[in-house]
Amino acid sequence: MSLLPSRPRLLAVGEPTHGDETLLALRNELFVRLVEQQGYRCVAIESDCLKGLVVDDHVTTGAGDLDEVMERGFSHGAGAWRGNRELVRWLRAYNAGRPAAERVRFAGFDAPLEMTGAGSPRQALTALHAYLAAHMDTGVRADVLDRLLGPDERWADGGAMLDPSRSIGRSDAAGRLRLLADDLAALLGAHAPELVAATSREAWERACLYARTAIGLLRYHARMADTAPGRADAMMGLRDAMMAANLLALAERGPTLVHAHNRHLQRHRSTVLLGGLRVDWWSAGAQLTARLGGAYAFVATAVGTIRHHGVGDPPPNTVEGLLHALPGDRFLVAGRELDGAGLVPRDSPWYGYLPLGPADLTGSDALCYVRDLPPG
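Residues numbered from 1 in each chain as written. Predicted model: local features only at pLDDT ≥ 70, side-chain atom pairs only at ≥ 80, totals over all residues. Heavy atoms only, no water.

Draft legend 1. Representation of the overall build of the protein within the structure. What the protein contains, in helices and strands, is 15 helices and eleven strands. Relative to its length of 376 residues, the protein is compact, with a C-alpha radius of gyration of 21 Å against a globular reference of 21 Å. A principal-axis box enclosing the C-alpha atoms of the protein has dimensions of 65 × 55 × 40 Å. For the protein, buried positions account for 53% of its 376 residues. The long-range fraction of contacts in the protein, counting pairs at least 24 apart against all pairs at least 6 apart in sequence, stands at 76%. For the protein, the exposed surface amounts to about 16,400 Å²; the carbon and sulfur share of it is 54%. In the protein, 40 positive and 44 negative side-chain charges are present, and the distance between their average locations comes to 3 Å. (Helix = DSSP H or I, 4+ residues; strand = E, 2+ residues; numbered from the N terminus. Rg over C-alpha atoms; globule rule 2.2 N^0.38 Å. Buried < 20%, exposed > 50% of the residue type's maximum accessible area, 1.4 Å probe, protein only. Contact = heavy atoms within 4.5 Å. Areas by Shrake-Rupley, 256 points an atom, 1.4 Å probe, with all protein chains shown as cover. Lys, Arg positive; Asp, Glu negative; His and termini not counted. Charge placed at Lys NZ, Arg CZ, Asp CG, Glu CD.)

Here it is as structure tokens:
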């Protein structure tokens, strides 16, 4: 905390690769300290926001079996990672016997997306409609939504990610659903006082999550069907916009630790190569900085060696090389205290590790460095 200019509402800690158990254990250790010493009450990770509700229900109320929760509550295969299982186990043990106001929450903040495609808006849209229909005339029947949605397989066609002609995102039915989703979201906001009173603030906030997700997914599917240049850039930007919107909602609850890839959390424009295609977009971190200013803090994480993936000692004229020359196997340092003159981006022989660049020295509040990632 002494490295940060002010106490943030969102403390984002990045990772340069997914699924490494050393980095997940480090995240867990940090979160426990934040809860016990700094009053943090939520951890949000790069996983499906709707699936994350399963995990949150489990850690706050004990609903569901742990094995089932790990299978159903995570996307991107993250339920199989030991570090995530230990996090869920710790959260449940911490919350047991505590009053609701003192419980620590879990959230996924990613959209229901995978690298191979986007999910159907069915779950989010029908849940939003059911919440509203229980208290008012929404102007649309559930069977009409079901007919317009059609089979979920049409939405989940993985081939649409690379071939816009296979997407149904700009069909007449999808266009009608976008209008209906917008109308339902407008009702949710306009009738907030009576809905909160009739249900609870938490139930209304969950309905807001359904509304954001339904609208965001329908926008994303529409962009998947687009053949214009910049399609991939726009899709990545929409995904991170959904991430940012979910994190803004969590920030209103209280101090939250955010854990995701550096590229999603960094303050500057993100760039990756996907199959030889350069994709550029404004990251969720950049969008949050524009909205929250100093209430958003970002700690970028870098790694020295990952020898089991062929990543050796970093060259001295890179960010990792500069950090590698400092003492300690893992440490935090303020990027502004380091001289980044003459540094160049590091090349990683393993596609799964994305090194930090010179801009990360000034674009982050602090840097976390782990000298070596062992296998397993």
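Draft legend 2. The packing of aromatic side chains, seen in detail. Counting across every chain of the model gives five aromatic pairs. Aromatic side chains Trp90 and Tyr94 sit 5.1 Å apart centroid to centroid with 25 degrees between the ring planes, which places their arrangement in the stacked category. Linking Trp90 with Tyr94, this pair stays in helix H4 (residues 82–95), spanning four residues, or about one helical turn. For Trp90, a relative accessible area of 23% translates into the label partly exposed. (Phe/Tyr/Trp six-rings, centres within 6.5 Å; stacked < 30°, edge-to-face > 60°.)

Draft legend 3. Summary view of unusual backbone geometry. Not every positive phi belongs to a glycine, and His76 is a case in point at roughly 60 degrees. Positionally, His76 belongs in the loop between helix H3 (66–72) and H4.

Draft legend 4. The sheet that holds strand E2 (residues 42–48), seen in detail. Strand order in this open sheet of seven strands is E3-E2-E6-E1-E9-E11-E10, and the pairing throughout is mixed. This sheet does not close on itself; its edge strands, each paired only once, are strand E3 (105–110) and strand E10 (330–333). Mean inter-strand twist for the sheet, computed between neighbouring axes without regard to direction, equals 25 degrees. Sheet topology places E10 next to strand E11 (residues 366–372); four bridges connect them, and they run antiparallel. Paired with Val333 across the bridge in E11 is Leu367. Relative to the sheet, helix H2 (residues 52–61) contacts E2 and E3, its axis offset from that of E3 by approximately 175 degrees. Its contacts with the sheet place helix H13 (residues 284–292) against strand E1 (10–15) and strand E9 (296–305), and it is angled at close to 150 degrees to E9. (Pairing = 2+ DSSP bridges. Axes fitted to C-alpha atoms, helices over the stretch in contact; angles between N-to-C directions.)

Draft legend 5. Highlighting the state of the cysteines. Here the structure, examined in full by the defined rule, presents zero disulfides. This cysteine, Cys49, is not joined by any disulfide, and Cys208 carries the nearest cysteine sulfur, 13 Å off. (Disulfide = S-S within 2.5 Å.)

Draft legend 6. Spotlight on helix H6 (residues 142–149). Residues Val144, Leu145, Leu148 and Leu149 constitute the buried set of H6. Each buried residue of H6 sits inside an arc of 130 degrees when the element is viewed along its axis, so together they form one side. Contacts made by the buried residues of H6 are with helix H5 (122–133), helix H7 (152–155) and helix H8 (172–190). In the stretch just after H6, Gly150 is the one whose phi turns positive, near 65 degrees. (Arc of directions from axis to C-beta.)

Draft legend 7. How the structure looks around the packing of H5 against helix H10 (residues 201–224). Here H5 crosses H10 at 140 degrees, and the two axes come no closer than 8 Å. Relative to H10, the element H5 lies oblique. In this structure, H5 crosses over H10, and the sense of that crossing is left-handed. From H5, Ala124, Leu125, Ala127, Leu128 and Tyr131 reach across to H10, where they touch Ala203, Trp204, Ala207, Tyr210, Ala211, Thr213 and Ala214. Here the residues of the contact of H5 with H10 sort into eleven nonpolar, one polar and no charged. (Parallel < 35°, antiparallel > 145°, perpendicular 65-115°, else oblique. Left-handed = near helix turned anticlockwise from the far one by under 90°. Nonpolar A, V, L, I, M, F, W, Y, C, P; charged D, E, K, R; others polar.)

Draft legend 8. Quick look at the pairing of E1. Within E1, six of the six residues are buried, leaving the element largely enclosed by the surrounding structure. Both faces of E1 are covered, namely the face carrying Leu10, Ala12 and Gly14 and the face carrying Leu11, Val13 and Glu15. Where E1 meets strand E6 (residues 256–261), six bridges bridge the pair, whose relative direction is parallel. Within E6, the position partnered with Leu11 by the bridge is Leu257. Note: E1 against E9, four bridges, orientation parallel. For Ala12, the partnering residue across the bridge sits in E9 and is Phe298.

Keep in mind these numbers describe shape, not what the thing actually does.
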